[in-house]
Amino acid sequence: MSVFTPVTPDALDEWLSNYAIGHLIELRGISEGVQNSNFFVTTSLGRYVLTLFETLSHAELPFYLHLMAHLARHGLPVPAPIADLDNEYLGTLSGKPAALVRRLSGASDMSPNAARCTKVGTMMAGLHLAGQRFGRRQENPRGPEWRARTAQAVRPYLSADEQALLDAELAFQASIDVAALPSGAIHADLFRDNLLWDGDEVGGVIDFYFAGNDALLFDLAVTVNDWCADATGGLDPVRTRALLTGYHTERPLTDAEHAAWPAMLRAAALRFWLSRAEDFHLPRDGEMVLVKDPNEYRDILRQRIVAGDTLPWHD
Ligand SMILES: Nc1ncnc2c1ncn2[C@@H]1O[C@H](COP(=O)(O)OP(=O)(O)O)[C@@H](O)[C@H]1O
Ligand SMILES: N[C@@H](CCOP(=O)(O)O)C(=O)O
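Just so it is clear, the structure is predicted and the values come from calculations on it, not from any experiment. Per chain, residue numbering runs from 1 following the sequence as it is written. Labels follow written order: the first chain is A, the first ligand is 1, and so on. Residue-level local features of this predicted model are given only where pLDDT is at least 70; pairs of side-chain atoms are given and counted only at 80 or more, and the full residue set underlies all totals for whole chains, interfaces and linings. Working from all heavy atoms in the structure, the side-chain values ignore hydrogens and water.

Novice: What is the right way to read the overall build of the protein from this model?
Specialist: For helices the rule is a DSSP run of H or I covering at least 4 residues; for strands it is a run of E covering at least 2, with both sets numbered from the N terminus onward. Scanning the protein from N- to C-terminus turns up nine helices and nine strands. Rg of the C-alpha trace for the protein: 20 Å, near the compact-globule value of 20 Å for 315 residues, within the 12% margin. Dimensions of the protein, computed from the C-alpha atoms along their principal axes, are close to 55 × 45 × 35 Å. Burial status across the protein gives 53% buried among its 315 residues. Long-range contacts, defined here as pairs at least 24 residues apart, represent 73% of the contacts in the protein between residues at least 6 apart. Counting rule for charge: Lys and Arg are taken as positive, Asp and Glu as negative, and neither His nor the chain ends is counted. Every charge is mapped onto a representative atom, which is NZ of Lys, CZ of Arg, CG of Asp or CD of Glu. Across the protein, 27 positive and 41 negative side-chain charges occur, with their mean positions spaced 2 Å apart. As defined in this context, the radius of gyration uses C-alpha atoms, and a globule is described by 2.2 Å times the residue total to the power 0.38. Exposed residues in this analysis have more than 50% of their type's maximum accessible area, buried residues have under 20%, and partly exposed residues fall in between, with area computed by a 1.4 Å probe over protein chains only. Whether two residues are in contact is decided by their heavy atoms: any pair within 4.5 Å suffices.

Novice: Any chance you could explain the side chain of Thr240 here in plain terms?
Specialist: Residue placement: Thr240 occurs in helix H7 (residues 237–250). Thr240 sits in the buried class, given a relative accessible area of 0%. Each residue touching Thr240, except ones within four places of it in the same chain, is listed here: Val224, Cys228, Leu235 and Pro312.

Novice: Would you mind going over the site of ligand 2 with me for this structure?
Specialist: For each residue, the test is whether any non-hydrogen atom lies within 4 Å of the molecule or strand; if one does, the residue is near. In the region of ligand 2, the neighbouring residues are Val34, Gln35, Asp189, Phe191, Asn194, Asp207, Phe210, Phe272, Arg276 and Lys292. For ligand 2, an oxygen atom lies 2.9 Å from a polar atom in the side chain of Asn194. In this structure, an oxygen atom belonging to ligand 2 sits 2.6 Å away from a side-chain N or O atom of Arg276. Considered on its own, ligand 2 offers 340 Å² of accessible surface; in the complex 92% of this is hidden by protein. For this scheme, ten residues count as nonpolar: Ala, Val, Leu, Ile, Met, Phe, Trp, Tyr, Cys and Pro. Four count as charged, namely Asp, Glu, Lys and Arg, and the remainder, Gly too, count as polar. Of the residues belonging to the shell around ligand 2, the class tally is four nonpolar, two polar and four charged. Whenever two N or O atoms come within 3.5 Å, that pair is a polar contact, provided that in protein one can donate a hydrogen and the other can accept it, and provided that, for residues adjacent in sequence, both atoms are side-chain atoms. Per-residue and other accessible areas were derived by the Shrake-Rupley procedure at a 1.4 Å probe size, with only the shown protein chains allowed to occlude residues.

Novice: Please clarify how the site of ligand 1 should be interpreted in this entry.
Specialist: The environment of ligand 1 is formed by 18 residues, the closest being Gln35, Asn36, Asn38, Arg102 and Leu104. At 3.0 Å, a side-chain N or O of Asn38 approaches an oxygen atom of ligand 1. Contact between ligand 1 and Arg102: a nitrogen atom at 3.0 Å from a main-chain N or O atom of the residue. Protein chains shield 90% of the accessible area of ligand 1, which is 550 Å² for the free molecule. When residues of the shell around ligand 1 are traced back to their parent elements, those giving at least two are strand E2 (37–43) and strand E5 (96–102). For the shell around ligand 1, the class distribution of residues is nine nonpolar, five polar and four charged. Domain delimitation follows an automatic or database domain assignment. Taken together, domain 1 (9–102) and domain 2 (114–310) each give at least three residues to the shell around ligand 1, which thus spans both.

Novice: So what exactly am I meant to see when it comes to the nonpolar core here?
Specialist: If you look at soluble globular proteins, the nonpolar side chains tend to sit buried side by side. Nonpolar cores were defined as sets of buried Ala, Val, Leu, Ile, Met, Phe, Trp, Tyr and Cys residues, with membership established by side-chain atoms within 4.5 Å. If you look at the biggest cluster of nonpolar residues, it comprises 77 residues, and the most contacted ones within it are Leu195, Leu217, Leu220 and Trp261. In terms of residue count, the dominant contributor to this core is helix H8 (residues 255–281) (12 residues). Formed jointly, this core draws a minimum of three residues from each of two domains, domain 1 (9–102) and domain 2 (114–310). Sequence-distant contacts of Leu220, that is, excluding residues within four places in its chain, are made with Met124, Leu243, Leu244, Tyr247, Leu253 and Trp261. Ile21, Leu24, Leu52 and Leu100 belong to the second-largest nonpolar core, a separate cluster that totals 16 residues.

Novice: Help me out: how do you make sense of the sheet that holds strand E4 (residues 91–93) in this one?
Specialist: Within a sheet, each strand pairs with its neighbour through backbone hydrogen bonds, oriented either parallel or antiparallel. A strand pair is defined by DSSP finding two or more bridges across the two strands. If you walk across this open sheet you meet the five strands as E1-E2-E3-E5-E4, and the pairing is antiparallel. Each edge of the open sheet is held by one strand with a lone partner, namely strand E1 (24–29) and E4. Across the sheet, the mean angle from the axis of one strand to that of its neighbour is 35 degrees, orientation sign disregarded. Judged from the six bridges that link them, E2 and strand E3 (residues 47–52) form a sheet pairing that is antiparallel. Following the sheet pairing, Ser37 is matched in E3 by Leu52. Across the face of the sheet, helix H1 (residues 9–16) comes into contact with E1, E2, E3, E4 and E5 while running at roughly 125 degrees to E1. Note on geometry: axes are C-alpha line fits, over the in-contact stretch for helices, and angles between N-to-C directions span 0 to 180 degrees.

Novice: Can you walk me through the pairing of E3 in this structure?
Specialist: Within a regular strand, the side chains alternate between the two sheet faces. With respect to burial, E3 is a largely interior element, five of its six residues being buried. The antiparallel pairing of E2 with E3 creates a hairpin that spans three residues between the two strands. The sheet contact formed by E3 and E5 spans five bridges and is antiparallel. The residue bridging Thr51 from the neighbouring strand is Ala99, located in E5.

Novice: So what exactly am I meant to see when it comes to unusual backbone geometry here?
Specialist: It is generally the case that most residues other than glycine have a negative phi and that most peptide bonds are trans. Despite not being glycine, Asn87 has its phi angle at roughly 70 degrees, a positive value. Among the structural elements, Asn87 can be located in the loop between helix H2 (61–73) and E4. Judged by relative accessible area, which is 66%, Asn87 ranks as exposed. The phi dihedral of Ser94 falls on the positive side, at around 50 degrees, and the residue is not glycine. Structurally, the position occupied by Ser94 is in the loop between E4 and E5.

Without other data, these values stay purely geometric and don't point to any function.
Printed below as a string of structure tokens:
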């Protein structure tokens, strides 16, 4: 159960007195999620999600909360943060930075079909178009500096084969001119479990807490690696084309992006291999309960290297 910091109904009800959303009816911990403590909150006015941030500080959070508010204002299915009576999105509860967002309808689909992949591509293009007009900026917190630091930290725990793969991939990624690609605010973690389906419509995209500025194609690669992988980690060509075509129809991909596609898929695989390896080998006390399998992304990286330029692209 991923509730790391408890909240009592009395403390929450008191906290809600500085909001305009009524009084507390129900408080329920959410078991999914690996980063924060999340709760479903029902008040006399509506349904919300309360997040207590376990690692991000007060200073770091405004970027994410304002990005969500910006995207919601642009009509995207993103949980709008709720401002308190002092007009602040961020407060403190149980000693942790805390925020309320709207609860969105729907459930994740871990076996999406091609039609759903097209919708995800369409929606991601909308996130990128609106995100490029977002006034604040921060570097991708899981960008090149983090990658180098984390690679160094996990390297001693890897086998000789894995170390060779890691070293070669870091050198390859350092040779890629990412700055030449269109960039903007990206979600950076749009896995299947971070999108809720309401019928066949996108009910919402959640979990913006890895967002930052980076190549838009990197975001697309993170998403394709998760949404379009087959059982062996290879890319299913039908779902991959569907997702990319949904995206390309709304934000046409450039020749430079086409050329960088295999490298971005590799960069995205490396990013999740490293974060999972760090969570697995270097767990922080009491922080991570659900640790995902690092080898899945090591093998996806290997697959993308072997596939090279034969990787599917949009129609
Ligand atoms: N705005 C929301 N609307 C509906 N459900 C949500 C919302 N935010 C989070 N959830 C639910 O909470 C779960 C955990 O949220 P997530 O953001 O993935 O947590 P974490 O940041 O800890 O990884 C999700 O799988 C989803 O079921
Ligand atoms: N999507 C990441 C883990 C991040 O977890 P989330 O629950 O915050 O999305 C992975 O699969 O490694």
